[in-house]
Amino acid sequence: MNRVFIPILIALLLLSTAGYMNGVSVAANTPPYIVSVELDSDTYYRVYQTITGKVYVGDSETTNPGKLDVVVTITYSGGLTVSFEPTYYSRRQYYLINQPLTAGVPTGPATLTITVTDPDGLSNSTSLQITILDHTQIEELRLEVKDKFSLIKASVTQWVSQGFNLSSIENMIPQIEEQIKTADTLLLSAGDVEGAVNLYEDILSTISDVEYSLQTLIKVYSETLKAKSEAMVAIEAARSIISSFEAQGFDVSQAKEMLDLAIGNYSEGLAAMELEGAPGAQTFFTTAKALAEYAVDLVKSIVSVEVNNMKIMSEAYEKLTMVRAKADQAYSYVTSLNSLGVDVSSSITLLQYVFDSLDAIESQLSPETAASAMDLLDTLLDEIDNAVSMANDVASNHADKLLSLVKNSLNDVAGRFMAPDVSTAKELLGYAQDSIDKGDYVSAIKWLNLALEEIRYLDLKENISSSNVVMGIAIVIATLTVFFLALRIATKKS
């Protein structure tokens, strides 16, 4: 809170001292004086804030300031003038300024003049400069928040009504509503415009994040529904073809197994769709479609290919699927490390070679190439293990270096004169150490990054606090210096 103090007692003290030292009494009838004026701020927003402050006055002829007349005059930009009498509080012996600002008040600089008059008609006055700020941008921000929230709320309700699981986003709705209520309270009741603006902007950011999450989820659901439809068509086609050839006496048992796997994956996809984001559902449906189509191909090959060739083809395809799944899992792990800044380029290159090889095997797979493909898949399994092993080595070294950096930074911050609370950083460091001990380097590096961000925040906060302390001490010293200098000058003149 910015407080404005107007000391004017020095002149009166000088007059009193001079009169005493010269043996001459001061005239009894002297003007009243303004001890100080304390405004809660020097800037005010129209509509949302009220000019408030305290006025302390005095008079040599009375000890009761309530007997003095005090008038406050505000001269706004453009010449508009408003005058009023502040309320006197006898218990505290001050006059309270409480002037609301309507939407019609001009913005810009304004002058607030306080005039005090005693019963004899003698008066004194002083003026302060304040600034009136426009409220329209604040109102526009508030309306933007409410409009965007209404739209996102309606959109979530619409998609949920269609059967989509958006539980995490649904849970955000009441939280955002509560934030909006808090911001409205700050603005409309507490008059904390800056606090309300910051909160409104945070809410807009949250709504933007929710919109992005919603769009992402809806895109995933839409793609999953398409994959589901394609899988069902493929399964029905495979079922019809297998039944037809089975009725003709062909051994279609292997094809039926593929169809059962396809149906199993389809069921897994349906179960996954019940969960938010349909995790893995699209993959299940895609796999179901591929298995169903493969079952159809398998049935067709029975006509011209021996059972042994069909068997080796099936085994090769299953192993190819298994190796690809393992390669996908390894790639997901390695790219997670890469996104955290770990240099796993060698592992990524090796896995890319694995994927290229898998694509080549799949495109050229036939009864004639199945045996050699199985051997190559065994080699690719070893390459996948090598890629993961190399990534773990690099991640372990990266985590150790980051752990050392966090520990050194934590010790530096904790050992300072105005040491901040480092409990959160220590807790994050503990989580990181546990993850390292378990070999979970992805989690460990994430915890360490969070700990480092916390330490940097504490460091910035500590620097700001130190600057404020130094500034406060400087202001006190400057004030005392001026006061004693004035007193010394007055004594010499006397």
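From a predicted model like this one, the values you see are computed outputs, not experimental measurements.

## Some details on the overall build of the chain
Phase 1: Assigned secondary structure in the chain consists of eleven helices and nine strands.
Phase 2: Burial analysis of the chain (494 residues in total) assigns 35% to the buried set.
Phase 3: Partitioning the contacts of the chain with sequence separation of at least 6, the portion at a separation of at least 24 is 71%.
Phase 4: For the chain, the computed accessible surface area is about 27,500 Å², with 55% contributed by carbon and sulfur atoms.

## Some thoughts on the sheet that holds strand E1 (residues 33-39)
Phase 1: Taking strand neighbours across the sheet as the criterion, the four strands line up as E1-E3-E7-E6 in an open arrangement whose pairing is antiparallel. Pairing within the sheet leaves two strands with one partner each, and these edge strands are E1 and strand E6 (87-89). Going from strand to strand, the sheet's axes swing by 25 degrees on average, the running direction of each strand aside.

## Here we look at the nonpolar core
Phase 1: Formed by 105 residues in total, the largest nonpolar core has its most connected members in Tyr 200, Ile 203, Leu 337 and Leu 358.
Phase 2: It is helix H4 (residues 193-247) that provides the largest number of residues to this core, a total of 19 residues.
Phase 3: Apart from the residues lying within four places of it in its own chain, the contact partners of Tyr 200 are Leu 141, Arg 142, Val 145, Ala 183, Asp 184 and Leu 187.
Phase 4: Core analysis: the second largest hydrophobic core is formed by 24 residues, Ile 51, Val 55, Val 116 and Ile 132 among them.

## Thoughts on helix H3 (residues 167-188)
Phase 1: Between the first and last C-alpha of H3 there are 32 Å, a value that for 22 residues agrees with the 32 Å anticipated at 1.5 Å per step.
Phase 2: Restricting attention to buried positions, one finds in H3 the residues Ile 169, Ile 173, Ile 176, Ile 180, Ala 183, Asp 184 and Leu 187.

## Brief notes about unusual backbone geometry
Phase 1: Residue Gln 93 is not a glycine yet carries a positive backbone phi of 60 degrees.
Phase 2: By secondary structure assignment, the location of Gln 93 is in the loop between E6 and strand E7 (94-100).

## Some thoughts on the pairing of strand E4 (residues 69-75)
Phase 1: Looking at chain direction, E4 and strand E8 (residues 108-117) are connected through seven bridges and run antiparallel. Of the residues in E8, the one forming a bridge with Asp 69 is Thr 117.
Phase 2: Hairpin geometry of E4 and strand E5 (residues 81-84) is characterised by an intervening segment of five residues between the two adjacent antiparallel strands and by a positive phi of about 95 degrees at Gly 78.

## Describing the sheet that holds strand E2 (residues 43-45)
By way of backbone hydrogen bonds, the strands of a sheet pair with one another, either parallel or antiparallel.
Phase 1: On the basis of which strands lie adjacent, the open sheet formed by five strands has the order E2-E9-E8-E4-E5 and mixed pairing. Each having just a single partner strand, E2 and E5 make up the two edges of the open sheet. Ignoring which end each strand starts from, the neighbouring axes of this sheet average 25 degrees apart.
Phase 2: Two strands pair when backbone bridges link them, and E4 and E5 are joined in this way by four bridges, in the antiparallel orientation. Counted as the bridge partner of Val 72 is Phe 84 from E5.

## A few points about H4
Three- or four-residue spacings in an α-helix give side chains the same orientation, since the helix completes a turn every 3.6 residues.
Phase 1: If you check H4, its first and last C-alpha atoms are 80 Å apart, about what 55 residues at 1.5 Å a residue would give, namely 81 Å.
Phase 2: With a side-chain oxygen positioned 3.0 Å from the backbone nitrogen of Gly 195, the residue opening H4 is Asp 192.
Phase 3: Gly 249 sits one or two residues past H4 and shows a positive phi near 95 degrees.

## Considering the pattern of salt bridges
Phase 1: Throughout the structure, instances matching the rule amount to 13 salt bridges.
Phase 2: As a salt-bridge pair, Asp 134 and Arg 46 come within 2.5 Å of each other at their nearest N and O atoms. On the criterion of sequence distance, the pair formed by Asp 134 in the loop between strand E9 (123-133) and helix H2 (136-161) and Arg 46 in the loop between E2 and strand E3 (50-58) is long-range, its members being 88 residues apart.
Phase 3: With a shortest N-O distance of 2.1 Å, Lys 319 and Asp 378 are connected by a salt bridge. Of the two residues, Lys 319 sits in helix H7 (residues 307-339) while Asp 378 sits in helix H9 (residues 370-414), which places them 59 residues apart along the sequence.
Phase 4: Looking at Lys 319, the relative accessible area reads 17%, which means it is buried.
Phase 5: Judged by its relative accessible area of 34%, Asp 378 falls in the partly exposed class.
Phase 6: Beyond isolated ion pairs, a larger network of salt bridges with shared partners links Glu 139, Arg 142, Lys 146 and Asp 184.

## Describing the packing of aromatic side chains
Phase 1: By the definition in use, this model includes ten aromatic pairs.
Phase 2: Ring geometry for Tyr 294 and Tyr 317: centres 4.5 Å apart, planes at 10 degrees, overall stacked. You can see Tyr 294 sitting in helix H6 (residues 281-302) and its partner Tyr 317 sitting in helix H7, a full 23 residues away along the chain.
Phase 3: One aromatic cluster is present, formed by Tyr 56, Tyr 89 and Tyr 94 through successive ring pairs.
Phase 4: Positioned above the aromatic ring of Tyr 94 is the side chain of Lys 54, whose terminal nitrogen or guanidinium carbon lies 5.0 Å from the ring centre.

Cut-offs and rules
- Residues numbered from 1 in each chain as written.
- Predicted model: local features only at pLDDT ≥ 70, side-chain atom pairs only at ≥ 80, totals over all residues.
- Heavy atoms only, no water.
- Helix = DSSP H or I, 4+ residues; strand = E, 2+ residues; numbered from the N terminus.
- Buried < 20%, exposed > 50% of the residue type's maximum accessible area, 1.4 Å probe, protein only.
- Contact = heavy atoms within 4.5 Å.
- Areas by Shrake-Rupley, 256 points an atom, 1.4 Å probe, with all protein chains shown as cover.
- Pairing = 2+ DSSP bridges.
- Axes fitted to C-alpha atoms, helices over the stretch in contact; angles between N-to-C directions.
- Core = buried A, V, L, I, M, F, W, Y, C linked by side-chain atoms within 4.5 Å.
- Expected span 1.5 Å × (residues − 1).
- Polar contact = N/O pair within 3.5 Å; in protein donor to acceptor, adjacent residues only side chain to side chain.
- Salt bridge = Lys/Arg side-chain N within 4 Å of Asp/Glu carboxyl O.
- Phe/Tyr/Trp six-rings, centres within 6.5 Å; stacked < 30°, edge-to-face > 60°.
- Lys NZ or Arg CZ within 6 Å of the ring centre and 35° of its normal.

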